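# An overview of the molecular structure
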Amino acid sequence: MSWIIRESGFDPERIAHHGNKFMIGNGVLGYRGTLEEFGKKELTATIVAGLYDQVGGKWREPVNAPNGLDTKVYWNGTRLSVFEAGNVAAGDKAVNSVNVGRELDHIRVELVSHEQSLDLRQAVHRRRSVFRTADGAEVAITAERFCSAARTELIVCRFTVESSRDGELTIVTGINGDVWDINGPHLVRMESDVDGAEGGAAWEVVSLSASTQELGLPITVSEAAEVASGGEHEVLREELSVRRRFHLYCRAGEPVVLVKTVAVAAGLEGETADEVRAAAIQWAREAGQLGYDQLLSEHAEYWERKWSASDILVEGDEEAQLALRYSMYQLHIIAPDRSEKVSIPARGLSGQVYKGAVFWDTEMFMLPFFLYTQPEVARNLMMYRVHTLAGAKRKAAEYGYEGAFYAWESQETGDDACTLFNVNDVFTGRPMRTYFRDKQVHISADVAYGIWQVYAFTGDDRLLLDGGAEVAWECAKFFYSYGYFNPRKQRYEILDVTGPDEYHERVNNNAFTNRMVKECLRIALDAMEILKRGNVERYEQLLADSPIQPEHIRDMYERLYVPEPDAQSRLIEQFDRYYTLEDVTLPQLKSLMLHPHEYLGGGNGLATTTQILKQADVVLMLHLFKDDYNSAVKQANWAYYEPRTEHGSSLSACIYALVAADTGSPDWGYPYFMRTATIDLTGDSKQYVGDLYIGGTHPAANGGAWMAAVLGFAGLRYDGDKAVLRPALPSAWQAIEFPVRLGGGSYRIRVSREGVTITAPRDNPAALRFIVGDRELTVAPGHEVHIA
């Protein structure tokens, strides 16, 4: 039960939510959790990681590939679809006829039952719909599909129809190029092909090929399909689609099984259209010849390895157990485990929202999960930043600064996809000037922080020598050129910025930003020393003819102002003059809203003149630099800022859970953990900013759920030298058990009410030092240690 996500009954109002909730993916492809009969109106999408396009002056966004799972079923000439039926299943809505507005007694087909589910363990989506037709037949449609983890170009589907009576069955299935786009259409010059196979038409492959508008990148979706029961078969080619029509006689109790292997190929590495098409055809045909069972077996084997490295066991809280697994599943299906040219967008591969861009979310909220479970993926995520350094340098130069100013919304080149007018006013429809692109400078510090985290965790300096040190150095140069030296106070300051709390733009000395800049400067100095030892030639090249030298960075590091806790209140002011803003309660502010989607920030937002925050800001700093602040400071700031935080971002709640656990108050943090872990299960999240749709999955929250459980409630920390465990289990939990990778070795850690158990396999390379509470011990390979 704790591996299955399940929904019964069909509710057309939940289509968009279920599209997110039942996502499948493999890091290369993401396919929304829609039904086979759905199309563009239901937001069906196949997203290819790293493939972007821009049409005219519209926003640049990911390309939605042609839908290779498009399938429609007809029984004795009547279409079987959740849209064509009345719903008489127990517990469902009385009527779910959403087309033509017909009354229930006029509907020729009834939807007797419907269920949609997701098997997290094997990453397989399933649906089962049972229809009752006018002739009294009950026809069951069962489908299961997965994005192959073994062959990342493939989506595989097995579609089964079974009836209680004999009848004529027609299945129309193929590739539909009329897809959902927000700022499209992105695909042009669409052409269909039929590629025959030797030995008959069993592995005849149909294809739909097109090119993107902006760069002319080729993309082909190919499909091999087989109905084991035989019957008539013909190919239907239209302007935007290519489909097959299978027509056969279906006998009662004898299932008809359709197997589809769909390959998606795109010319991301400079392949020609012919090469892309040939690859897609070959992949689809070879997969079809292997068969569904073989493809599922090798896919499931990959997922067993993923779960072996990451699965968390929670005793005493079944809801938390399922939510944690679901959160990790969402991270796994978007992880670039075989490429360092892509990263994880803010909405994963769930669609084109937020332009499919990579934000600071990756470094701050997703990276820790991969650091502790799959450090090779963590390295890929940060190598993406190395590969996009040129775009960051172009952005810095655009604004007149030195070094690298990383994109707020980064795509494949690192150039900023963020616009200056990112939100529309809900009352006037006019674009609002926002300062995400040009004032959220902390992004460059976040990137340097992430690179250093990978180095510190792995002890492997290759990331730094392969460009990571250069990234950190260029980020430090940017901050030196951006910063202001206050001659009166003899200190450096960071002025005119927007911190994580986006409701307050263009503020001075944002505490989080200043502290992150200080860390970036330190990282740059240390990384350059490592580069000097490992590649002195490159070190000298970076300093040659540069107006900024290490002594400048060191001076800024030593004299940079970072707001400190007040001696009496222990509070850290979020930014200069924050306390002078109106101190209203969140309910008071919300009572003034005239529209449910009005933006609270920007030039005229209700929150801008108040102390109400969008998300954790100072409290996030207290989490990242927990050793710099004592428990009393953390408690005081948690208690002050939480009532003033709207949690208008999915990034916010997990931080309050983490800091609550860190201060020994896990039950304070537990509701924030559950809010984070269930965000994509419940769909309870902000869907609009102004009139901008921001729905989709929330991988940063998924990463935050893992952080809250392992780094918060289990209390684990690792600094590259030793691991520290300071558990603070919520009342509902009896124990938590999980695997981690630390110092090149694997460990299994169990934290319970009775004590802590640490197990190390025999093949670990060396012993590792642990500090549990106030006890220090060493766990050697092949040993298990228990601390009461």
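Residues numbered from 1 in each chain as written. Predicted model: local features only at pLDDT ≥ 70, side-chain atom pairs only at ≥ 80, totals over all residues. Heavy atoms only, no water.

## What about the overall build of the protein chain?
On a plain count of helices and strands, the protein chain comes out with 20 helices and 34 strands. For the protein chain, the C-alpha radius of gyration of 27 Å lies close to 28 Å, the compact-globule estimate for 788 residues. Considering only C-alpha atoms, the protein chain reaches an extent of 85 × 60 × 60 Å along its principal axes. Looking at the protein chain residue by residue over its 788 residues, the buried ones come to 62%. Counting only contacts in the protein chain whose residues sit at least 6 apart along the sequence, the fraction spanning at least 24 positions is 66%. (Helix = DSSP H or I, 4+ residues; strand = E, 2+ residues; numbered from the N terminus. Rg over C-alpha atoms; globule rule 2.2 N^0.38 Å. Buried < 20%, exposed > 50% of the residue type's maximum accessible area, 1.4 Å probe, protein only. Contact = heavy atoms within 4.5 Å.)

## Structural notes on empty space enclosed by the protein
Using the criterion set out here, one finds five cavities of 30 Å³ or more in the structure. Forming the walls of the largest cavity are 18 residues, and the residues nearest its centre are Ala-49, Gly-50, Tyr-52, Pro-345 and Gly-356. Take the lining of the largest cavity: its biggest share by element is five residues, from strand β4 (residues 46-53). The residue inventory of the lining of the largest cavity, partitioned by class, reads 10 nonpolar, six polar and two charged. Counted as a void, the second largest cavity has a volume near 70 Å³. Contributing to the lining of the second largest cavity are Gly-9, Phe-10, Asp-11, Ile-15, His-18, Gly-33, Thr-34, Leu-35, Phe-38, His-114 and Gln-116. Of all the secondary-structure elements, those providing two or more residues to the lining of the second largest cavity are α1 (15-21) and β9 (110-119). (1 Å grid on protein atoms, 1.4 Å probe; cavity = no way out; pocket = protein on both sides within 12 Å on 5 of 7 lines; lining within 4 Å. Points joined across faces, edges and corners; volume = space filled by probe spheres on them. Nonpolar A, V, L, I, M, F, W, Y, C, P; charged D, E, K, R; others polar.)

## Structural notes on the packing of helix α10 (residues 462-482) against helix α11 (residues 511-534)
For the pair α10 and α11, the least separation of the axes is 8 Å and the interaxial angle reads 140 degrees. Judged by the angle between their axes, α10 and α11 are oblique. When the axes of α10 and α11 are compared, the crossing they make is left-handed. Taking contact as the criterion, the partners of Leu-464, Leu-465, Ala-469, Ala-472, Trp-473, Cys-475, Ala-476 and Phe-479 in α10 are, on α11, Val-517, Cys-520, Leu-521, Ile-523, Ala-524, Ala-527, Met-528, Ile-530, Leu-531 and Gly-534. (Axes fitted to C-alpha atoms, helices over the stretch in contact; angles between N-to-C directions. Parallel < 35°, antiparallel > 145°, perpendicular 65-115°, else oblique. Left-handed = near helix turned anticlockwise from the far one by under 90°.)

## Considerations on the sheet that holds strand β5 (residues 61-64)
Strand-to-strand pairing in sheets goes through backbone hydrogen bonds, with the strands running parallel or antiparallel. Taken together, four strands build an open sheet; the order of strands is β2-β3-β4-β5 and the sheet is antiparallel. Looking along the sheet, the strands with just one partner apiece sit at the ends: β2 (24-25) and β5. With three bridges connecting them, β4 and β5 associate as antiparallel partners. The residue bridging Tyr-52 from the neighbouring strand is Pro-62, located in β5. (Pairing = 2+ DSSP bridges.)

## Some points on unusual backbone geometry
Of note, the bond from Gly-184 into Pro-185 is cis; its omega dihedral lies within 30 degrees of zero at 5 degrees. One can find Pro-185 in the loop between β13 (167-176) and β14 (187-197). For Arg-189, which is not glycine, the phi dihedral falls at a positive 55 degrees. Within the secondary structure, Arg-189 is located in strand β14. Judged by its relative accessible area of 57%, Arg-189 falls in the exposed class. With a phi angle near 55 degrees, Arg-506 is a residue other than glycine that sits in the positive phi range.

## Some words on the pattern of salt bridges
Pairs may arise between side chains of opposite charge once their charged atoms sit close together. By the definition in use, this model includes 59 salt bridges. Arg-145 is the salt-bridge partner of Glu-36, the closest N and O atoms lying 2.8 Å from each other. Here Glu-36 is found in the loop between β3 (29-31) and β4, whereas its partner Arg-145 is found in strand β11 (residues 138-147), with 109 residues between them in sequence. Arg-145 carries the same exposure label as Glu-36, and that label is buried. A salt bridge links Asp-337 to Lys-306; its shortest N-O distance comes to 3.3 Å. Here Lys-306 lies in helix α3 (residues 292-310) and Asp-337 lies in the loop between α4 (318-332) and α5 (361-373), a separation of 31 residues in the sequence. Members of the salt-bridge network, linked through shared partners, are Asp-119, Arg-126, Glu-144, Arg-158 and Asp-293. (Salt bridge = Lys/Arg side-chain N within 4 Å of Asp/Glu carboxyl O.)

## Comments concerning the packing of aromatic side chains
Throughout the structure, instances matching the rule amount to 43 aromatic pairs. Arranged with centres 5.4 Å apart and planes meeting at 80 degrees, the rings of Phe-575 and Tyr-578 form a pair that is edge-to-face. For Phe-575, a relative accessible area of 6% gives the class buried. Ring-pair connections join several aromatic residues into one group, and the members of that group are Tyr-354, Phe-359, Trp-360, Phe-365, Trp-408 and Phe-512. Over the aromatic face of Trp-3 sits the side chain of Arg-325, whose NZ or CZ is 3.8 Å from the ring centroid. Across from the ring centre of Phe-405, 3.8 Å away, lies the NZ or CZ of Lys-395, which sits over that ring. (Phe/Tyr/Trp six-rings, centres within 6.5 Å; stacked < 30°, edge-to-face > 60°. Lys NZ or Arg CZ within 6 Å of the ring centre and 35° of its normal.)

## Concerning the side chain of Glu-363
The residue Glu-363 is located in helix α5 in this model. On the accessibility criterion, Glu-363 (2% relative accessible area) is buried. Here the side chain of Glu-363 touches Arg-385 through a polar contact of 2.8 Å, side chain to side chain. Ignoring any residue separated from it by four or fewer positions in sequence, one finds Glu-363 in contact with Pro-368, Met-382, Arg-385, Asp-446, Val-447 and Gly-450. (Polar contact = N/O pair within 3.5 Å; in protein donor to acceptor, adjacent residues only side chain to side chain.)

## Considerations on the nonpolar core
Formed by 233 residues in total, the largest nonpolar core has its most connected members in Trp-360, Tyr-372, Phe-673, Trp-733, Ile-758 and Phe-770. Looking at which element gives the most residues to this core, the answer is α11, with 13 residues. In this structure, Phe-146, Leu-154, Val-205 and Ala-224 belong to the second largest nonpolar core, which totals 14 residues. (Core = buried A, V, L, I, M, F, W, Y, C linked by side-chain atoms within 4.5 Å.)

## Here's the deal with helix α7 (residues 389-398)
For α7, the complete set of buried residues consists of Leu-389, Gly-391, Ala-392, Lys-395 and Ala-396. In a view along the axis of α7, the buried residues occupy a sector of 160 degrees, so they form one face of it. Contacts from the buried residues of α7 go to α6 (375-387), α8 (436-439) and α10. Downstream of α7 by a residue or two, Gly-400 has a phi angle that is positive, lying close to 85 degrees. (Arc of directions from axis to C-beta.)

## Some words on the state of the cysteines
On inspection of all chains with the given rule, the structure shows zero disulfides. Between Cys-250, a free cysteine, and Cys-157, which holds the nearest cysteine sulfur, the sulfur-to-sulfur gap is 17 Å. Cysteine Cys-520 remains unbridged, with the sulfur of Cys-475 as its closest cysteine sulfur at 5.2 Å. (Disulfide = S-S within 2.5 Å.)

## Focus on the environment of Asp-135
With respect to the helices and strands, the residue Asp-135 is situated in the loop between β10 (124-132) and β11. In sequence terms Asp-135 and Ile-344 are 209 residues apart; their C-alpha atoms lie 50 Å from each other. Once residues within four sequence positions are removed from consideration, Asp-135 is found in contact with Trp-75, Asn-76 and Arg-165. Engagement of the side chain of Asp-135 in a polar contact is seen with the side chain of Thr-133, the distance being 2.2 Å.

## A look at the pairing of strand β12 (residues 154-163)
With eight of 10 residues buried, β12 lies mostly within the body of the structure. Bridge count between β11 and β12: nine bridges; the pairing is antiparallel. For Val-139, the partnering residue across the bridge sits in β12 and is Ser-163. For β12 and strand β19 (residues 256-266), the ladder comprises eight bridges, and the chain directions are antiparallel. From the neighbouring strand, Thr-160 faces β19, where its bridge partner is Val-257.

## Remarks on the side chain of Glu-519
Within the fold, Glu-519 resides in helix α11. For Glu-519, the residues in contact, after removing those within four places along its chain, are Tyr-449 and Phe-625.

## Digging into the sheet that holds strand β32 (residues 768-772)
Strand order in the open sheet formed by four strands is β27-β28-β32-β33, and the pairing between neighbours is mixed. Only two strands of the sheet have a single partner each, and these edge strands are β27 (716-718) and β33 (775-779). Taken over all neighbouring pairs, the strand axes of this sheet differ in orientation by 20 degrees on average, direction set aside.

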